[in-house]
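# Observations on the model geometry
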There are 2 protein chains.
Amino acid sequence: MTFTTPAWGARTADTPLEPITIQRREALATDVRIKVEYCGICHSDVHTARDEWDGTAYPCVPGHEVLGIAVAVGPEVTKFKAGDRVGIGCLVSSCGACDACEAGLEQYCETGWTGTYNSSDPYGTDSHTHGGYSGEIVVDERFVLRIPDGLDPAAAAPILCAGITLYSPLKHLAVGPGSKIAILGFGGLGAMGVKLAKALGAEVTVITRTEVKAADALKAGADHVLVSSDAAQMNTAERGFEAIFSTIPRTHDMAPYLQLLKNDGCYVILGAVEPMQTPFHGATLMGRRISIVGSLIGGIPETQEVLDFCAEHGIASDVQVVGVDGINAAYDHIAAGDPGFRYVIDMSTI
Amino acid sequence: MTFTTPAWGARTADTPLEPITIQRREALATDVRIKVEYCGICHSDVHTARDEWDGTAYPCVPGHEVLGIAVAVGPEVTKFKAGDRVGIGCLVSSCGACDACEAGLEQYCETGWTGTYNSSDPYGTDSHTHGGYSGEIVVDERFVLRIPDGLDPAAAAPILCAGITLYSPLKHLAVGPGSKIAILGFGGLGAMGVKLAKALGAEVTVITRTEVKAADALKAGADHVLVSSDAAQMNTAERGFEAIFSTIPRTHDMAPYLQLLKNDGCYVILGAVEPMQTPFHGATLMGRRISIVGSLIGGIPETQEVLDFCAEHGIASDVQVVGVDGINAAYDHIAAGDPGFRYVIDMSTI
């Protein structure tokens, strides 16, 4: 039992996104059917629509910062009712039985999770899942988030990916009052990182390539900035960070940043889903017991936690709302270098 | 005030070690003067004597697994007296004032520690420090270890470097009963790693290139072995280790091993003081929150702890004792591929 819903998607890696029609399943017993209000545009959407990470199935309907209103719920749904404002992040299914799932770390599901888009569809509605650039979406309640009152719906959408991507490692590394950390890169992820880390009580430095972004970062609340293209600044910078959260969305050379970490410091890779550039020197890590770690979005309980945390602390993404006809221009802008705000699509324009 | 003592050292990167005479300072107020009984041969000695890591100052007298008898102590020495059996590891000085030194992590001293050999000599006795391939050595009591009764002196020497190099990260990662870990490489470090990890209660797999070493590892007490040159074994191996301790003494490709780690698993670089080979893929770390960390020997309190732990658990290195005239042959053997035992020089042969 399926229904059709309008969407915007890419038919090939080389063509712009355009209107298409997709199939959704009718709500099953534990499903929530959602009318999408807003969908954030993540850099991953651009990578995937353009097949920059390989493996994109077409037509590709991106979108994993999905916010909307529950319009119907299956008979066994207990947590939501029609009329609730809800969100969908990057995950729509996982095994539910492995150690990771049982710990609420569905993003590390040992048998593999189902992405909101471009994953094999376990329900068989289509060959692959379709994301939030669509009129409606149907998701099992286990992967549906409650949007707290008081969060502006458009500005809340990016919390579902950009927000949780920073919040999860910040919490995992116990960043809090007294912590001295750096956010590397000041695009959509970096801007959320500054707000979350500040709200957690840390002293925050933004490392960015340009003076313009450095000024933006200070305006956004960063305590300090470091312009990475300025060799003098980089060479004289204190090696004082306990963690550097790298939001750089592409392969990069970690060496200039590793030297800024203190003993037991940690370099966290959040966005570079590519082979890293110049290999680091073993002695760099050995000399100060430095670690390099990866972190991927966050699990469902932690995603609910960051939504509640943002509502409590008045945190939202800086967004620019566009209609569906603004998607392709936004993609070009993001590909040219992440802006320090998030594009969010007003899905009522579909 | 100095005295001379006989030693064996390299005069250039390309010549074998040979007898030379070096200067030592007379014992200062807090110094212990030690007659060397045994000195282990570490792979680092070979790297340094042959200038494989660059920066070797000649003549180079290696040796940082030094075991002997205190023959005199300065008037302010409180922990040792003449006649005590004592040891010197990789460090002979550090600032003593930074956070790392105050935490007993002198190996991460923020202003730089002094190595037992090939470091700038803070006492000015010579341009650089000279190690334990010598008749006597003089060291501040802060860097002198007590050798517990019951440890065989020759077999205890390698604990001062090989032992602590494994013990420190095993303890740092809280390896104990229930832990499932791998030791990568079965040379001098790997063999100590198996004994220490087993004594700590872990389930231990040795990963090694050859069937011969795999058999040796099982004899040494490993629970399982994995032959890394056997693609079938590597491909079907469970991704189940919480940590892999890499004792590989050269640059290497981490990718085949990273895939054997479970969620939150950690790859520990212990021996590769070189730029790592093929860069890893960011997604490998992100997909399971895997980390890569370096670890360097250990601090003085932890070195005393591992000596006491080895005495308590009856752990010693498997050693082959050679005279000074056997040093060069041992170097060639080690350079050809770490044997699963440690060469130890009987310094009474000097």
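Attention in this report is confined to the structure presented alongside it.

Definitions and cut-offs
- Residues numbered from 1 in each chain as written.
- Chains lettered and ligands numbered in written order.
- Predicted model: local features only at pLDDT ≥ 70, side-chain atom pairs only at ≥ 80, totals over all residues.
- Heavy atoms only, no water.
- Buried < 20%, exposed > 50% of the residue type's maximum accessible area, 1.4 Å probe, protein only.
- Helix = DSSP H or I, 4+ residues; strand = E, 2+ residues; numbered from the N terminus.
- Contact = heavy atoms within 4.5 Å.
- Pairing = 2+ DSSP bridges.
- Axes fitted to C-alpha atoms, helices over the stretch in contact; angles between N-to-C directions.
- Buried area = accessible area lost by both parts, 1.4 Å probe.
- Polar contact = N/O pair within 3.5 Å; in protein donor to acceptor, adjacent residues only side chain to side chain.
- Nonpolar A, V, L, I, M, F, W, Y, C, P; charged D, E, K, R; others polar.
- Parallel < 35°, antiparallel > 145°, perpendicular 65-115°, else oblique.
- Left-handed = near helix turned anticlockwise from the far one by under 90°.
- Least-squares fit on C-alpha atoms with pLDDT ≥ 70 in both.

Residue and element names in this part refer to chain A. Counting buried residues along helix 4 (residues 162-172), 9 of its 11 residues qualify, which places the element largely inside the surrounding structure. Within the sequence span of helix 4, burial applies to Ala162, Gly163, Ile164, Thr165, Leu166, Tyr167, Ser168, Pro169 and Leu170. Against the buried residues of helix 4 lie strand 10 (180-184), helix 5 (188-200), strand 13 (241-246), strand 14 (261-269), helix 10 (300-313) and strand 17 (342-346). Downstream of helix 4 by a residue or two, Ala174 has a phi angle that is positive, lying close to 55°.

Moving on: the sheet that holds strand 11 (residues 203-208) of chain B. Taking strand neighbours across the sheet as the criterion, the 12 strands line up as 12(A)-11(A)-10(A)-13(A)-14(A)-15(A)-15(B)-14(B)-13(B)-10(B)-11(B)-12(B) in an open arrangement whose pairing is mixed. What marks the edges here is a single partner per strand, and that holds for strand 12 (224-227) of chain A together with strand 12 (224-227) of chain B. The mean angle between the axes of side-by-side strands here comes to 20°, regardless of whether they run parallel or antiparallel. Two strands pair when backbone bridges link them, and strand 10 (residues 180-184) of chain B and strand 11 of chain B are joined in this way by 5 bridges, in the parallel orientation. Paired with Ala182(B) across the two strands is Thr205(B), which belongs to strand 11 of chain B. Strands strand 10, strand 13 and strand 14 of chain A together with strand 14 (261-269) of chain B of the sheet are contacted by helix 4 of chain A, whose axis makes an angle of about 160° with strand 13 of chain A.

This paragraph deals with the interface of chain A and chain B. Between chain A and chain B, the residue contacts involve 37 residues of the former and 37 residues of the latter. Taken over both partners, the interface formed by chain A and chain B buries close to 2900 Å², and the fraction arising from carbon and sulfur atoms is 64%. For chain A, the biggest contributors to the area lost against chain B are Tyr108(A), Met286(A) and Arg289(A); these three give 27% of the whole. Our count for the contact surface shared by chain A and chain B stands at 7 residue pairs in polar contact (both at pLDDT 80 or more). Sorting the residues of the side of chain A that touches chain B by element identifies helix 4, strand 14, helix 9 (282-288) and strand 15 (291-294) of chain A as the ones contributing at least two each. The element that contributes the greatest number of residues to the side of chain A that touches chain B is helix 9 of chain A, accounting for 6 residues. Of the residues belonging to the side of chain A that touches chain B, the class tally is 19 nonpolar, 12 polar and 6 charged. Of the pairings in the sheet, the one linking strand 15 of chain A to strand 15 (residues 291-294) of chain B comprises 3 bridges and is antiparallel in character.

Residue and element names in this part refer to chain B. Relative to each other, helix 4 (residues 162-172) and helix 5 (residues 188-199) sit at 50°, their axes nearing to 8 Å. When the axes of helix 4 and helix 5 are compared, the pair comes out oblique. As for the relative orientation of helix 4 and helix 5, their crossing is right-handed in sense. On helix 5, the residues touching Ala162, Gly163, Thr165, Leu166, Tyr167 and Leu170 of helix 4 are Gly188, Leu189, Met192, Gly193, Leu196 and Ala197. Grouping the constituent residues of the contact of helix 4 with helix 5 by class yields 8 nonpolar, 4 polar and no charged.

Turning to the side chain of Arg289(A), a few remarks are in order. Along the chain, Arg289(A) turns up in the loop between helix 9 and strand 15. Since its relative accessible area comes to 7%, Arg289(A) is described here as buried. Polar contacts involving the side chain of Arg289(A) include one to the side chain of Asp264(A), which spans 2.7 Å. Aside from chain neighbours lying at most four places away, what touches Arg289(A) is Asp264(A), Gly265(A), Leu105(B), Tyr108(B), Ser168(B), His172(B), Val293(B) and Gly294(B).

Looking now at unusual backbone geometry. Residue and element names in this part refer to chain A. Here the amide bond leading from Tyr58 into Pro59 is cis, since omega sits at -5°, within 30 degrees of zero. Locating Pro59 in the fold gives a position in the loop between helix 1 (43-49) and strand 4 (66-73). Here the phi dihedral of Asp54 falls at roughly 65°; this positive angle occurs in a residue that is not glycine. Positionally, Asp54 belongs in the loop between helix 1 and strand 4. A relative accessible area of 61% places Asp54 in the exposed class. Not every positive phi belongs to a glycine, and Ala174 is a case in point at roughly 55°. Examined against the element boundaries, Ala174 turns out to sit in the loop between helix 4 and strand 10. Relative accessible area serves as the criterion here: at 58%, Ala174 is assigned to the exposed category.

Once chain A has been moved 0.0 Å along the axis and rotated by 180°, it coincides with chain B to within an RMSD of 0.0 Å. Here the two chains are linked by the operation of a two-fold rotation axis. Of the interface residues in chain A, 100% have counterparts in chain B that sit at the interface too, so the contact is made through matching surfaces.

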